[in-house]
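Examining the three-dimensional arrangement
Chain by chain, the residues:
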Amino acid sequence: MHNACKLPYNFVDNTFINLYNQDKNGGYMEKIKFIQIGCGKMSIYTMRYAIENGMEIVGAVDINPEVIGKDVSSVLGGDITGVNINHVNELDSLLKNIKPDVAIVTTMSLMTDLKDVLMICAQNGVNAITTCEEAFYPFNSSPKITEELDKVAKENNCTITGSGYQDAFWGNLITTIAGATHNITAIKGSSSYNVEDYGIALAKAHGAGLTLEQFDNEVASIDRISEEERNQLIINGEFAPSYMWNTNGWLCDKLGLTPISQTQKCVPMTCEQDIYSSTLNMTVKAGDATGMSAVVTTETKEGITIVSECIGKVYSETDCDKNEWTVYGEPDTTFVVTRPNTVELTCASIVNRIPDLLKAPAGFVPTSQMGELKYQKINK
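Residues numbered from 1 in each chain as written. Predicted model: local features only at pLDDT ≥ 70, side-chain atom pairs only at ≥ 80, totals over all residues. Heavy atoms only, no water.

With that out of the way, let us pick up the overall build of the protein chain. Within the protein chain one finds eleven helices and 20 strands. Against the compact-globule benchmark of 21 Å for 380 residues, the protein chain has a radius of gyration of 21 Å, which places it among compact chains. If you line up the protein chain on its principal axes, its C-alpha atoms span 55 × 50 × 40 Å. With 380 residues in all, the protein chain has 54% of them scored as buried. Restricting the contact set of the protein chain to residue pairs at least 6 apart, pairs at least 24 apart contribute 72%. A total of about 16,400 Å² of accessible surface is found on the protein chain, and carbon and sulfur atoms cover 49% of it. Charge centroids of the protein chain, computed over 29 positive and 47 negative side chains, lie 5 Å from each other. (Helix = DSSP H or I, 4+ residues; strand = E, 2+ residues; numbered from the N terminus. Rg over C-alpha atoms; globule rule 2.2 N^0.38 Å. Buried < 20%, exposed > 50% of the residue type's maximum accessible area, 1.4 Å probe, protein only. Contact = heavy atoms within 4.5 Å. Areas by Shrake-Rupley, 256 points an atom, 1.4 Å probe, with all protein chains shown as cover. Lys, Arg positive; Asp, Glu negative; His and termini not counted. Charge placed at Lys NZ, Arg CZ, Asp CG, Glu CD.)

A word on the side chain of Thr181. Inspection of the secondary structure assignment puts Thr181 in the loop between helix 6 (165-178) and strand 11 (183-194). Excluding anything up to four places from it in sequence, Thr181 contacts Val327, Glu330 and Pro331.

A separate point is the sheet that holds strand 17 (residues 322-330). Overall, mixed pairing links the six strands, which are arranged 12-15-16-11-17-18 in an open sheet. Strands with a single pairing partner mark the edges of an open sheet, and in this sheet they are strand 12 (259-269) and strand 18 (333-338). Along the sheet, successive strands turn relative to each other by an average axial angle of 10 degrees, direction set aside. Its contacts with the sheet put helix 6 on strand 11, strand 16 (305-313), strand 17 and strand 18, and the angle it makes with strand 17 is roughly 20 degrees. Here helix 10 (residues 243-255) sits on the sheet and contacts strand 11, strand 12, strand 15 (291-300), strand 16 and strand 17; the angle it forms with strand 16, its principal contact strand, is near 145 degrees. (Pairing = 2+ DSSP bridges. Axes fitted to C-alpha atoms, helices over the stretch in contact; angles between N-to-C directions.)

Here we take up the state of the cysteines. Per the stated rule, a full pass over the model turns up zero disulfides. With no disulfide partner, Cys121 has as its closest neighbouring cysteine sulfur the one in Cys158, 8.0 Å distant. Its relative accessible area of 0% is what places Cys121 among the buried residues. Between Cys271, a free cysteine, and Cys320, which holds the nearest cysteine sulfur, the sulfur-to-sulfur gap is 14 Å. Exposure remark for Cys271: the relative accessible area of 19% places this residue in the buried category. (Disulfide = S-S within 2.5 Å.)

On their own, these measurements won't tell you what the molecule is for.
Take a look at the structure:
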């Protein structure tokens, strides 16, 4: 199975020509086979984009009893595919049976929640790419889990990585602007998104629906600790990073910066009116937490400070997605992206990273080490 299937590519007009897998015996398969892990909102796009890029779906798993046993077209739409959705408990036996080249994982946001699924992929030699925000750069938040996955992936010659919206809008766009800057003193960014678009796990991780007292006890209090206490939580695998925690680590890795300290602070977002959340299936009362703002500050040995903020909440009628970053120095440069289609951009980034996943060395490899995110149309 795969990472011996790391093939040189022929770029012509931004199109992949004859993108094939190569097995360990030197044979070739005409299509990349993938399994979809998690058949919720995001999978509608990841499955369609992958299929339209010439990939073949050969399996799918979920935990939702309403979709288990049904053809993936019940989620994806369109014609019957002949591929039914299995329970995630069947993942190991399913991988052994269908032998996919790639697993697309669109489920949870933390490495502790994904460890078992990613480990099963690694044990079966299946390359995995996930929208898990912590997986974008988990070395600075869950080093033990990441090390374990890296070891097993290397033993079974496959690659694991995380990608998504942040790969472009919190990562490569910033490092590209940095590449056009003579001298950098600081990088500051802010990004907002509607937790309604990503499912219940993400909404709950942002404290949406909690009273302010509950938010303070369950979310904000976690960060009222010393650096030594935080480092111990990280070592123990008990740290709950905000999304920008891993983004700052990714940026440092990509830019060759050396972090010497990093802190985060989470504060609740509120609304003056009641807001109904279809994801939480509840009305968030006026004054309660609709989500949170998380600010991460990283000081580096090179003297560059990175301050990044992500705002995830249940949107009111006047809210919209927005991404704004400034690279300070000579010269200062600011870019703003208003109303990006964050869900679609996340899923397109995942699919466009699959050729890089197939080329990458075995192990847990962040996209900061895979080159720039590119438009890649796989030849059908």
